[in-house]
Amino acid sequence: MNFPYLTSISERVVAPLYATVPATIIRGNKAESFAIEGRNLRFSFTTRQTQDVPVLRDCSIRIPCGQFWMLLGPNGCGKSTLLKILAGLLTPTSGTVNVNGPKSFVFQNPDHQVVLPTVDADVAFGLGKIDLTHDEVRSRVSRALHAVGLSDYMKRSVQTLSGGQKQRVAIAGALAEACKVLLLDELTTFLDESDQVGVIKAVRNSVDTSPEVTALWVTHRLEELEYADGAIYMEDGKVVMQGDAASIRSFIEARQSAYINQINS
Ligand SMILES: Nc1ncnc2c1ncn2[C@@H]1O[C@H](COP(=O)(O)OP(=O)(O)OP(=O)(O)O)[C@@H](O)[C@H]1O
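What you see is a predicted model; the values in this text were computed from it and never measured.

S.K.: Outline the pairing of strand E10 (residues 230-235), supporting the account with residue identities and numerical values.
M.R.: The buried fraction of E10 amounts to 5 of the 6 residues, a majority that puts the element mostly inside the structure. Relative to E10, strand E5 (residues 68-72) is paired through 4 bridges, and the arrangement is parallel. Considered in E10, the bridge of Leu 71 is made with Ile 232. Bridge count between E10 and strand E11 (residues 238-244): 6 bridges; the pairing is antiparallel. From the neighbouring strand, Gly 230 faces E11, where its bridge partner is Asp 244. Connecting E10 to the antiparallel partner E11 that follows it, the hairpin turn spans 2 residues, and Asp 236 within it adopts a positive phi of roughly 50°.

S.K.: Give me the packing of aromatic side chains: which residues, what numbers.
M.R.: Scanning all chains against the criterion turns up 4 aromatic pairs. Relative to Trp 217, the ring of Phe 68 has its centre 5.9 Å away and its plane inclined at 85°; by these criteria the two rings are edge-to-face. One end of the pair, Phe 68, is in strand E5; the other, Trp 217, is in strand E9 (residues 214-218), with 149 residues separating them in the sequence. Considered together, Phe 68 and Trp 217 belong to a single accessibility category, that of buried residues. Positioned over the ring face of Phe 34 is Arg 62, at 5.0 Å from the centre of the ring.

S.K.: Lay out the layout of surface pockets with the relevant residues and their values.
M.R.: The calculated volume of the largest pocket comes to roughly 280 Å³. Residue lining of the largest pocket: 15 residues in total, with Arg 143, Ala 144, Leu 175, Ser 210 and Glu 212 positioned closest to the centre. For the lining of the largest pocket, the secondary-structure elements that each account for two or more residues are helix H3 (134-147), helix H4 (163-176) and helix H5 (193-209). For the lining of the largest pocket, the leading source of residues is H3, giving 5 residues. Residues of the lining of the largest pocket, tallied by class, amount to 7 nonpolar, 4 polar and 4 charged. Empty space within the second largest pocket amounts to approximately 240 Å³. In this structure, the second largest pocket is lined by Leu 72, Gly 73, Pro 74, Thr 219, His 220, Leu 222, Tyr 233, Glu 235, Ile 252, Arg 255, Gln 256 and Tyr 259. Elements supplying a minimum of two residues to the lining of the second largest pocket: E10 and helix H6 (245-264). Looking at which element gives the most residues to the lining of the second largest pocket, the answer is H6, with 4 residues. The class makeup of the residues in the lining of the second largest pocket is 6 nonpolar, 4 polar and 2 charged.

S.K.: So what's going on with the site of the ligand? Residues and values would help.
M.R.: The full set of residues close to the ligand is Phe 45, Val 55, Pro 74, Asn 75, Gly 76, Cys 77, Gly 78, Lys 79, Ser 80, Thr 81, Glu 186 and His 220. Protein burial of the ligand: of its 640 Å² of free accessible surface, 55% is covered by the chains. If one sorts the elements of the shell around the ligand by residue count, helix H1 (residues 79-87) sits on top with 3 residues. Residue composition of the shell around the ligand, by class: 4 nonpolar, 6 polar and 2 charged.

Rules of the game
- Residues numbered from 1 in each chain as written.
- Predicted model: local features only at pLDDT ≥ 70, side-chain atom pairs only at ≥ 80, totals over all residues.
- Heavy atoms only, no water.
- Buried < 20%, exposed > 50% of the residue type's maximum accessible area, 1.4 Å probe, protein only.
- Helix = DSSP H or I, 4+ residues; strand = E, 2+ residues; numbered from the N terminus.
- Pairing = 2+ DSSP bridges.
- Phe/Tyr/Trp six-rings, centres within 6.5 Å; stacked < 30°, edge-to-face > 60°.
- Lys NZ or Arg CZ within 6 Å of the ring centre and 35° of its normal.
- 1 Å grid on protein atoms, 1.4 Å probe; cavity = no way out; pocket = protein on both sides within 12 Å on 5 of 7 lines; lining within 4 Å.
- Points joined across faces, edges and corners; volume = space filled by probe spheres on them.
- Nonpolar A, V, L, I, M, F, W, Y, C, P; charged D, E, K, R; others polar.
- Near = heavy atom within 4 Å.
- Areas by Shrake-Rupley, 256 points an atom, 1.4 Å probe, with all protein chains shown as cover.

Printed below as a string of structure tokens:
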């Protein structure tokens, strides 16, 4: 494996974002750790007429370490804004964010994720800024590609990959850099069904095989909840419910049927 780009490029699109504040809650005798905590988050966009348009209205969320959670809600309810605040890409108007460990934000468009010509070079890209031996780089790349099910693609040209495979390469890049928190913004939007399943299984496997990795996945697709440990449902800039994935799914389905009944009556 050659990594000619390791020393020549210092930034990648999928950059790890560092902010480490441990969050531990004691419940009875058991300590429960949260990888992601947002408390009383508010956020407004300012229009050209300098009017504040509220997007998040007092959102609080907690995601336990080592789990795969999803964030759902109608278009425009504020899911991506909340994710970007957790990533540190936007600053909340008020409220606090604690993310326990290095984090990485993966964007929706697969073509914005990969920057180098081959899969192994791309996954190794972010490691250029860390002082690692060639063997350590090779080992990290190999483990990360294994976690996302792309071990056989190491030498492939990224141009020959499907959208979902590119997303998986981006996730492998984050894992290779030892990111502990993956923030994933509607990755399956542009993908066909089999590619969607490939990406979601890659995230599930990354969490299952690395207990210290936590993932938060924004989606519109209720069927994806079957892969999640827990979920958060938002409406109109507020968290309406958070809990186990099956309960959230039932809650959203009930809400959708009530809405359909209402417009049919
Ligand atoms: N740069 C911006 N300037 C002004 N308003 C914005 C900006 N970005 C987002 N918004 C508005 O903020 C609200 C929330 O947007 P956001 O993208 O967070 O919602 P979302 O739930 O992720 O939506 P979707 O599911 O459609 O992607 C929307 O009303 C959107 O129009």
